[in-house]
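# Close look at the chain arrangement
Below, each chain spelled out in residue letters.
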Amino acid sequence: MERCSSQGGFLILIFLLYMLIHCGGNSKVSGCLDSERNALTTFRKALNDSSNLLASWDDGFDCCKWTGIACDAKTRYVVHLDCRGLGLSGSIDPSLLELKHLSYLDLSYNAFNGAPIPNFLGSMKELTYLNLSSAGFSGIIPDQLGNLSKLISLQLSSDLNYLNSENLWWVTNLHSLKYLDMSGVNLSLASDDWVNVMNKSPSLVELRLRYCLLQYIPPTLSSINFTSLRVLDLHWNGFNSRIPDWISNISRLVSLDLSDNNFHGDVPDQFSQLPNLEELWLGSTADIPGVDWSEILEGSWSKLKLLHLSIDQLPGGIPKSIGNITSLVDLSLYFIENTTGSIPSAMSKLISLESLSLYGYHTHAAIPDWLAGLKNLKRLILFDCNLTGSIPAALGGLSSLQHLSLISNQLNGSIPASFGGLSSLQYLSLIGNQLNGNIPASLGDLSSLQNLSLRWNQLEGNIPADLGRLSSLQYLSLSGNHLNWNIPAALGRLSSLQYLSLSENQLNGSIPVALGRLSSLQVLSLGGNQLNGNIPAVLGGLASLQFLSLSGNQLNGTIPITLGQLSNLYWLDLSYNSLTGNMSENLFENLKNLKYLHLSSNSLVFDLHPDWAPPFQLDQIVLSSCHLGHQLPPWLLTQQSVWELDLSNTTISGILPTWFWDFTPQLVSLNLSNNEISGQLPNTLTMQLFAYIDLSSNNFSGPIPCILNGATILDLSNNQFSGPFPPKFTSDMSILVFLSVSGNQINGTIPSFIGKMESLVVLDFSQNKISGTIPLTLGDCVNIEALDLSKNHLSGRIPMSLGQLYKLRTMHLGRNILSGEVPSSLEKCTSLETLELGYNNFSGHIPAWIGRSSPNLKILSLRSNMFTGNIPPQLSNLTFLQVLDVAQNYLSGTIPQSLENLMAMKNEQKMDRLLIYGGMTISYYKENLLVSVKGLILEYTRTLSLVTCMDLSSNNLFGEIPEGLTSLLGLRVLNLSGNNLGGKIPNKIGKLALLESLDFSKNQLSSAIPLSMSNLTFLGYLNLSSNNLSGKIPSGNQLQTFQDPSIYMGNNGLCGPPLPYKCASDEASQGPMHVGGDVENDKEEFEMLWFYTAMALGFTTGFWAVCGSLLLKKSWRIAYYRFFDKIKDKLFN
């Protein structure tokens, strides 16, 4: 018994010792070790945790419970530190070395602001996982990382090649490494041996080297050691060779990405034999002729599930053999250059397909019906495929479809109502088609829909209220359609909506108050509609709103003060409305994040205290046509980040303060046009490179400044600048695109350095006092589209070098003292639409090549020169010619009959558009022309596109007016005055129903005025004076409004109102009238009475009695023929 009891006591003692060691030990380290807790605290102090995401590190004794920390369950050693994506900055403290058992360290997706990767990390030898990706590190990757022999996963991916490595041999020491991601690391210096290094890592399973600037990949390898490799990602490097055959010998490959390189030649046939390959990305590998994709795709590809091909060209289109890869789940074909072909029906066999994407494959055909048979489809993208026809309603049967994108095609018809059955659909985008009809209400049944984009179509009707049932919708864009009616209040029920764009439609009515319930809304764009009424005050309650655009509507009233509560707002655009009221500080008080302020083209008055300091720092200030008072607002001085400032037409006057010129260096865009600002500009105007400067229509004076840094657009027109051009006009002339100094008092000559402005598109020096000749160097500005040197004192000839301006579309050289012939080199300017050389001393013949080499010519004005010879019949080839003005020259010959072929004058020009040149969205050259209309010289700009004019006046033309001119039914101005034209006015002149101005004066026209002229109902000016016209002046319609007798004076044979001379036909009722003014005319009138009496006696007096009278009496003969002329006119009119 004693022995048993002693044995039992010994067992109890052993048990107690065990409990003391383990339970007592655990109580001793119930938290983490003090040394490790202190190390973490020191580590945290070196960090900048702006979001306070490590707040838990401040509390509690047990660091194992802190955010991102994990400890070993038994030893309580810290083994896991995860700070991924916490937005940390600062530095990495070496105290981490105290964590001697740390196996997992993740510092990825932070912001260490270019700090180097710490060398001491290479001493943390227990690490099996290290992730420093996208953490803001830069510089050389330390070789010491090669000491981490237990490392299994190393992720060092970098943004924009901030990290680099001169060699990779340190990787060979990582014997346990399975996963290596160095994407984005600059490995250009390690390019020669990277493959040999990786080939010494037999355990490697995944290798990702995307965008590493690698240039070389060896064509062969003596042996392949990375036999475990399953993932090889070499996307977006600089390889320029054939695809190495050794890649096809890595038998365990599951995923291979060689896309976006410069590989060329054949794709190895062995790729299709890789037994485990499931994912293949190939890009830019089919750009060399000879790659037979049809043959390649006929391979076994037994397990291939994903195939993404980015191809330059694919002759013959998508091969049918692609339908044999029935294992495919994801197929994406991106065509870099447009490839034409059909979508082969063999693809209908790909019944496992869940994702199908075609980009840039121009089918010019309808969407295949068989697509509706791919019942497993979850994602369908047909982008820029030139698809035509309507969308098949059968697509509405794809119940698994989650993503449907048919962007940038030519689809028409309506959106199928069957789409309402796509119960799984989350994304629907039909952007950039020609879809019409109404938006189907059935779309409101798509309960899973998150994104609905139908913009840039031709949809019409109202926005269905059923869309308000889309409870999951986050993005809704219907902009750029023809939608009308009101915005439905039901949209206010879309509680998840973050983006709402209904801009560029025809919506009317007021903005629904219900939109104020969209608490998640970040973007609200309703611009470019016909909305009216006030801006709802409830919009100020949209606390998440960042972007608000209501521009281009008919909104009125004041801006609600509640908008000042939108503290997250960065974009506010209320421009182009009818808003009124005073703008006070209260509106801007809480807009601390505001960056873009657009309030232009309203009637807003800024009533701000001079000492006001805004809470925001704006990038754009656009206040055109607001009322700012007479001085620049002082608060501009506080805005240190502004790059665009538009204060045009804001009533600013006087001299600008000196501080403003210290403000401009930060600007990229400055518009102070249409004010009354005076004074001189500084000698040097400094702005950012590629600046836009518009100081036009002010009262600036003095010399033109030098533009430092160079500008892209410079408009100094309509001021009072004087003196010559500065010798150094801009520091970088090559970037200047638009230059206008018109309407000033600039003198001197055009500087020869103009030829250095090689990017110049618009050059306007008109209405100045510039003299001298046109410099030869102007021909070096080969990109010019608009050239205006008119209304100066230029002399000499047009230089032959201007023939190099092959892009020239409009040229104005009128109202100078230029002379000589029009140079033949201009025949090369085949893009000309306007050629205006009027009011000079040009001589010689009008060049016939104008009719051959200027097919787009709309305006030809050569008036008031010294041209001789005939009007070239070749001008009739100018089918777009609307204005032909060769008046006041010395032209002779007849009017070419072929002018009846001027097609633009045959039809009414109905498109009222401003003719602009230059291609700039903010500055352009406005076409203008002086036209002789209604006896006046009028300048046309805004309505020039409607003008059709033929002015051949004041020359030496003879012959008759061609009858064919009456077929120019679109003609509005016809002036043939001051020539030697004879014969009759064409009888069909009344067909020119659109004529507004008609001048045939000072010719030798004879016979009667055609009765058809009374059909000219739009005629506002008529002059037939100084001809040999005779007979009664027609009356009726528009002719009755012409009561000025001077328009008929100088035609002795005319009678009737408004002339005071009565016609013989009026004699019976009014008695004899004196109409001729001399005895001979009285005698002829008496003989006329006898003539008609003799005719009344009948023909019985005999044929010879009548004929004898006609033969013997000249005055009878004249009366007789006039009588039959009147009869003929009545019959034919």
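Look up a bit, the structure's there.
Heads up: these notes are all about the structure in this document. (Residues numbered from 1 in each chain as written. Predicted model: local features only at pLDDT ≥ 70, side-chain atom pairs only at ≥ 80, totals over all residues. Heavy atoms only, no water.)

## Quick word on the state of the cysteines
The line we're drawing: Any two cysteine sulfur atoms lying within 2.5 Å of each other are counted as a disulfide. The way it works is that DSSP assigns letters per residue, a run of H or I at least four long becomes a helix, a run of E at least two long becomes a strand, and they are numbered from the N terminus. Exposed residues in this analysis have more than 50% of their type's maximum accessible area, buried residues have under 20%, and partly exposed residues fall in between, with area computed by a 1.4 Å probe over protein chains only.
Within the structure shown, the criterion is met by 3 disulfides. With a sulfur-sulfur separation of 1.8 Å, Cys32 is cross-linked through a disulfide to Cys63. Placement of Cys32 in the loop between helix H1 (2-28) and helix H2 (34-45) and of Cys63 in the loop between strand E1 (47-48) and strand E2 (69-71) is noted, with a sequence separation of 31 residues between them. In this structure Cys32 comes out as buried when scored by relative accessible area, which is 3%. By relative accessible area, which is 0% here, Cys63 ends up buried. A sulfur-sulfur distance of 1.9 Å marks the disulfide that ties Cys1055 to Cys1063. One disulfide, between Cys1055 and Cys1063, carries an S-S torsion of 110° and so falls in the right-handed class.

## Quick word on the environment of Gly437
What counts is decided by this rule: Contacts are assigned to residue pairs with any non-hydrogen atoms lying within 4.5 Å of each other.
On the secondary structure map, Gly437 appears in the loop between strand E20 (427-429) and strand E21 (451-453). It is 5.3 Å that separates the C-alpha atoms of Gly437 and Leu459, two residues lying 22 residues apart in sequence. With sequence-adjacent residues up to four places away left out, Gly437 is seen in contact with Gln458, Leu459 and Glu460.

## Points about the sheet that holds strand E39 (residues 676-680)
Which entries qualify depends on this criterion: What makes two strands pair is DSSP finding at least two bridges between them.
In spatial order, the strands read E37-E39-E42-E45-E47; together these 5 strands make up an open sheet with parallel pairing. Single-partner strands in this sheet number two, and they are strand E37 (653-655) and strand E47 (745-746). Relative to E47, strand E45 (residues 720-723) runs parallel, the two being bridged by 2 bridges. By the bridge assignment, Ser722 is partnered in E47 with Gln745.

## Re unusual backbone geometry
Note that the residue after Pro1057, namely Pro1058, is joined by a cis bond; omega there is 5°. Mapped onto the elements of the fold, Pro1058 is located in the loop between strand E72 (1053-1055) and helix H9 (1067-1070). Backbone geometry at Lys791 places phi at a positive 60°, although glycine is not the residue there. Turning to its location among the elements, Lys791 is positioned in the loop between strand E50 (786-788) and strand E51 (793-796). Residue Lys791 is classed as partly exposed on the basis of its relative accessible area, which comes to 25%. For Ser864, which is not glycine, the phi dihedral falls at a positive 55°. Tracing the backbone shows Ser864 in the loop between strand E56 (859-861) and strand E57 (866-869).

## Some points on the sheet that holds strand E71 (residues 1028-1032)
What counts, and what does not: Lines fitted to the C-alpha atoms define the axes, with helices restricted to the stretch that makes contact. Angles between their N-to-C directions range from 0 to 180 degrees.
Reading across from one edge, E69-E71-E72 is the order of the 3 strands in this open sheet, with parallel pairing throughout. Looking at strand neighbours, the two that pair on one side only are strand E69 (1006-1008) and E72, the edges of this open sheet. When the angles between neighbouring strand axes are averaged without regard to direction, this sheet yields 25°. Looking at chain direction, E71 and E72 are connected through 3 bridges and run parallel. By the bridge assignment, Ser1030 is partnered in E72 with Gly1053.

## Notes on the packing of aromatic side chains
Under the convention used in this document: Pairs were defined over the aromatic rings of Phe, Tyr and Trp, the Trp ring being its six-membered one, requiring ring centres within 6.5 Å. Orientation was assigned from the angle between planes: stacked under 30 degrees, edge-to-face over 60, tilted for the rest. A positively charged side chain is recorded as over a ring if its NZ (Lys) or CZ (Arg) lies within 6 Å of the ring centre. The angle to the ring normal must also be within 35 degrees.
For the coordinates displayed, the defined rule picks out 24 aromatic pairs. Judged by centre distance (4.7 Å) and plane angle (35°), the rings of Trp571 and Tyr596 are tilted. With Trp571 in strand E31 (residues 571-573) and Tyr596 in strand E33 (residues 596-598), this pair connects stretches of sequence that are 25 residues apart. Judged by centre distance (6.1 Å) and plane angle (80°), the rings of Trp612 and Phe616 are edge-to-face. Each member of the pair Trp612 and Phe616 is classed as buried. The ring of Tyr839 has Arg815 sitting right over it, with the charged end atom 4.0 Å from the ring centre.

## A word on H2
Let me state the cut-off plainly: Expected helix span is computed as 1.5 Å times (number of residues minus one). Working note: the arc is built from the helix axis to C-beta atom directions.
With 12 residues, H2 should reach 16 Å at 1.5 Å per residue; the first-to-last C-alpha distance of 17 Å fits that figure. Residues Glu36, Arg37, Ala39, Leu40, Phe43 and Arg44 constitute the buried set of H2. Relative to the axis of H2, the buried residues are bounded by an arc of 160° and lie together on one face. Elements in contact with the buried residues of H2: E1, E2 and strand E3 (78-82).

## What to know about the side chain of Glu833
Rule in force here: Identification of polar contacts relies on pairs of N or O atoms within 3.5 Å, with a donor-acceptor requirement for protein atoms, meaning one able to donate a hydrogen and the other able to accept it, and with residues adjacent in sequence counted only if both atoms are side-chain atoms.
If you trace the backbone, Glu833 turns up in the loop between strand E53 (817-820) and strand E54 (834-836). Within the local environment of Glu833, its side chain forms a polar contact with the side chain of Tyr917, the two groups lying 2.8 Å apart. Apart from residues no more than four positions distant in its own chain, Glu833 is found in contact with Arg809, Asn856, Leu857, Lys858, Ile859 and Tyr917.

Note that all results are geometric; they support no functional claim without further evidence.
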